[in-house]
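# Residue-level structural notes
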Amino acid sequence: MSQLKVELPEALGFLFEKSRYKVAYGGRGSSKSWSFARALIIKAAQKPTRILCARETQHSIQESVHKLLSDQIDAMGLSELYEVQQTRILGKNGSEFTFAGIRQQSIANLKSFEGVDICWVEEAQVVTKRSWDVLIPTIRKPGSEIWITLNPDLDTDE
């Protein structure tokens, strides 16, 4: 892949540093989700990466970040590197984006996510303690990361 130049807010440069947890929070319209999507697309284009895009509840693919990722792939001119399917996005290099609601998954179903490299939890301010207690130990591949975006409403949000 040729050198790709993508601009992200300077404050989100940490997305390209190694860390188990990466968290961005703030008001709506602060470009968190947009930047996280772009960073994940770049990482997945560079090497095969298995990415789970999760939220507390997801009753349909329309409630996920699927459209955001698809739009950013097009905007970045990387359509030739990805196959955008109805319920997942596949990289030509073996990368994969899958989408799930944490609450709707049984513990047995969540175990299928243990090979995930990066789990992006969007709208994390509504994720319950029970969901975190199930999700965090599931994302256990060596070197795996959990990326979190949220717009906190209350100091007591998990």
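The rules behind these values
- Residues numbered from 1 in each chain as written.
- Predicted model: local features only at pLDDT ≥ 70, side-chain atom pairs only at ≥ 80, totals over all residues.
- Heavy atoms only, no water.
- Buried < 20%, exposed > 50% of the residue type's maximum accessible area, 1.4 Å probe, protein only.
- Helix = DSSP H or I, 4+ residues; strand = E, 2+ residues; numbered from the N terminus.
- Pairing = 2+ DSSP bridges.
- 1 Å grid on protein atoms, 1.4 Å probe; cavity = no way out; pocket = protein on both sides within 12 Å on 5 of 7 lines; lining within 4 Å.
- Points joined across faces, edges and corners; volume = space filled by probe spheres on them.
- Nonpolar A, V, L, I, M, F, W, Y, C, P; charged D, E, K, R; others polar.
- Phe/Tyr/Trp six-rings, centres within 6.5 Å; stacked < 30°, edge-to-face > 60°.
- Lys NZ or Arg CZ within 6 Å of the ring centre and 35° of its normal.
- Core = buried A, V, L, I, M, F, W, Y, C linked by side-chain atoms within 4.5 Å.
- Contact = heavy atoms within 4.5 Å.

### Observations regarding the pairing of strand E1 (residues 21-25)
Covered by surrounding structure in E1 are Lys22 and Ala24 only, the residues Tyr21, Val23 and Tyr25 on the alternate face being uncovered. With 5 bridges joining them, E1 and strand E7 (residues 145-150) adopt parallel strand pairing. The residue bridging Tyr21 from the neighbouring strand is Ile146, located in E7.

### Quick word on empty space enclosed by the protein
For the coordinates displayed, the defined rule picks out 1 cavity of 30 Å³ or more. The calculated volume of the largest cavity comes to roughly 30 Å³. Considering the residues around the largest cavity, the lining is formed by Cys53, Ala54, Arg55, Gln58, Ser64, Val65, Phe99 and Glu122. Here the element with the most residues in the lining of the largest cavity is strand E2 (residues 50-55); it accounts for 3 residues. Residues belonging to the lining of the largest cavity are distributed by class as follows: 4 nonpolar, 2 polar and 2 charged.

### Looking at unusual backbone geometry
Despite not being glycine, Glu123 has its phi angle at roughly 55°, a positive value. The residue Glu123 is located in the loop between strand E6 (118-121) and helix H4 (129-138) in this model.

### Focus: the packing of aromatic side chains
Using the criterion set out here, one finds 3 aromatic pairs in the structure. Their ring planes at 90° and their centres at 5.4 Å tell us that Phe36 and Trp147 sit as a pair that is edge-to-face. Of this pair, Phe36 sits in helix H1 (residues 32-46) while Trp147 sits in strand E7, placing them 111 residues apart in sequence. Neither residue differs from the other here; Phe36 and Trp147 are each classed as buried. Clustering of aromatic rings is evident, with ring pairs tying together Phe36, Trp120 and Trp147. Between Arg20 and the ring centre of Tyr21, over which it is positioned, the NZ or CZ distance is 5.4 Å.

### Quick word on the nonpolar core
By size, the foremost hydrophobic cluster in this structure holds 25 residues, and its most contacted members are Ile41, Cys53, Leu69, Tyr82, Phe97, Trp120 and Trp147. Per-element accounting of this core gives the leading share, 8 residues, to H1. Once residues lying within four places of it in the same chain are set aside, the contact partners of Phe97 are Leu40, Ile41, Ala44, Ile51, Cys53, Leu69, Tyr82, Arg88 and Ile89. Of all hydrophobic cores here, the second largest spans 16 residues; its members include Leu52, Val121, Leu135 and Ile146.

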